Amino acid sequence: MTVAALVLAVFFLTVHNLGVERLRPALYVPACLTTTAVVVGLARLGGIDPGDLGVSVAGIGVGLAVAGGTLLAVVAAGLARPTRRLFADRRMAGVAPRRTAYQALVRIPLGTVLVEEVAFRGVLLALGDRLLPLGWAVAGSSALFGLWHVVPVRSTLATNHVRATPALLGATIVGLGMVGGALCWLRLFTGGLLAPAMVHASASASATVVGSVVQRRSPPLVNGGRVARWFRSGSS
């Protein structure tokens, strides 16, 4: 049953990944909540209990510390002259402050972060750990996390008039796979999903706000705001 649960979870996540950006914006968060519930249900059918999924308040102190450092690092990069324009992203052009706040406070934490952390650092990691050594489970979850971002990154590149070359997409998969590995380590270190979710939300939300401010003050780069893309891909 564990194998079947893992295969079905990957299938539903793939369907979600390919279709969620086609939905009306108002349906994004409900779709993420639905997918989260489905994959959690599959994990439970596969014999995974809530503790194995990382449902715990453990790690809140570590999460706050790392999330705070992440937020400061993103803001500092957005304020620094050498890196400021890297955050310019045409997706944020003309986005009202109210809409930016919605993305940072609702869409990202309750949509993007919730489904990704529960799926990759919860369900897939726990199911994989039942079938493989932990190191391989982490590697598999992290690789899938990198692949998950191919669709939103291609869309973002198109918006910013950048060609999605194999080298660029490959770098995205590797880079975000490494991010996924770091978040898996944080999940295992703290014993819960709360810390990686806080860090993920901090990075994505702060990059969205910084990107909005920078977009208003300077024209986008020809290569389309690469730093902001990496933080926000799939989140707005």
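Read on for an overview of the structure. This one's a predicted model, so the numbers in the text were calculated from it and none came from an experiment.

Time to look at the overall build of the protein chain. When helices and strands are tallied, the protein chain shows 11 helices and 0 strands. Along its sequence from the N terminus, the protein chain presents helices and strands in the succession α-α-α-α-α-α-α-α-α-α-α. Split by element, the accessible area of the protein chain, about 11000 Å² in all, is 72% carbon and sulfur.

This next bit is on the pattern of salt bridges. Side-chain pairs of opposite charge can arise where the charged atoms are in close proximity. Scanning all chains against the criterion turns up 2 salt bridges. The salt bridge involving Asp 52 is made with Arg 130; its shortest N-O contact spans 3.3 Å. Taken together, the positions of Asp 52 in helix 3 (residues 50-53) and Arg 130 in helix 6 (residues 97-131) put the pair 78 residues apart, joining distant regions of the chain. Residue Asp 52 is classed as partly exposed on the basis of its relative accessible area of 33%. Arg 130 gets classed as partly exposed once you look at its relative accessible area, which sits at 43%.

Time to look at the packing of aromatic side chains. Under the defined criterion, the tally for this structure stands at 4 aromatic pairs. On the numbers, 5.6 Å between centres and 75 degrees between planes, the contact of Phe 11 with Phe 12 is edge-to-face. The exposure class of Phe 11 is partly exposed, given its relative accessible area of 49%. The exposure class assigned to Phe 12 is partly exposed, which follows from its relative accessible area of 36%. With 5.2 Å between their ring centres and 80 degrees between their planes, Phe 120 and Trp 148 make a pair best called edge-to-face. Of the two residues, Phe 120 sits in helix 6 while Trp 148 sits in helix 7 (residues 134-148), which places them 28 residues apart along the sequence. Considered together, Phe 120 and Trp 148 belong to a single accessibility category, that of buried residues. Among the aromatic residues, those joined into a cluster by ring pairs are Phe 120, Phe 145 and Trp 148. If you follow Arg 121 out to its NZ or CZ, it ends over the ring of Phe 145, 4.3 Å from the centre.

With 18 residues, helix 2 (residues 28-45) should cover 26 Å at 1.5 Å per step; its first-to-last C-alpha distance of 26 Å lies within 8% of that length. Among the residues of helix 2, Tyr 28, Val 29, Ala 31, Cys 32, Thr 35, Thr 36, Val 39, Leu 42 and Ala 43 are the ones counted as buried. The buried residues of helix 2 occupy an angular sector of 160 degrees when the element is viewed end-on, so they sit on one face. Of the exposed residues in helix 2, those oriented more than 90 degrees away from the buried face are Ala 37 and Leu 45. If you follow the buried residues of helix 2, they end up packed against helix 1 (2-19), helix 3 and helix 6. Looking one or two residues beyond helix 2, the residue adopting positive phi is Gly 47, at roughly 90 degrees.

Its location among the elements puts Thr 112 in helix 6. Owing to a relative accessible area of 1%, Thr 112 belongs among the buried residues under this scheme. For the pair Thr 112 and Leu 33, spaced 79 residues apart in sequence, the C-alpha separation works out to 9.4 Å.

With respect to the helices and strands, Leu 53 occurs in helix 3. Judged by relative accessible area, which is 5%, Leu 53 ranks as buried. In this structure the C-alpha to C-alpha distance between Leu 53 and Val 123, which are 70 residues apart in sequence, comes to 5.9 Å. Aside from chain neighbours lying at most four places away, what touches Leu 53 is Val 40, Ala 43, Ile 48, Arg 121, Gly 122, Val 123, Ala 126, Arg 187 and Leu 193.

Thresholds, definitions, all that
- Residues numbered from 1 in each chain as written.
- Predicted model: local features only at pLDDT ≥ 70, side-chain atom pairs only at ≥ 80, totals over all residues.
- Heavy atoms only, no water.
- Helix = DSSP H or I, 4+ residues; strand = E, 2+ residues; numbered from the N terminus.
- Areas by Shrake-Rupley, 256 points an atom, 1.4 Å probe, with all protein chains shown as cover.
- Salt bridge = Lys/Arg side-chain N within 4 Å of Asp/Glu carboxyl O.
- Buried < 20%, exposed > 50% of the residue type's maximum accessible area, 1.4 Å probe, protein only.
- Phe/Tyr/Trp six-rings, centres within 6.5 Å; stacked < 30°, edge-to-face > 60°.
- Lys NZ or Arg CZ within 6 Å of the ring centre and 35° of its normal.
- Expected span 1.5 Å × (residues − 1).
- Arc of directions from axis to C-beta.
- Contact = heavy atoms within 4.5 Å.

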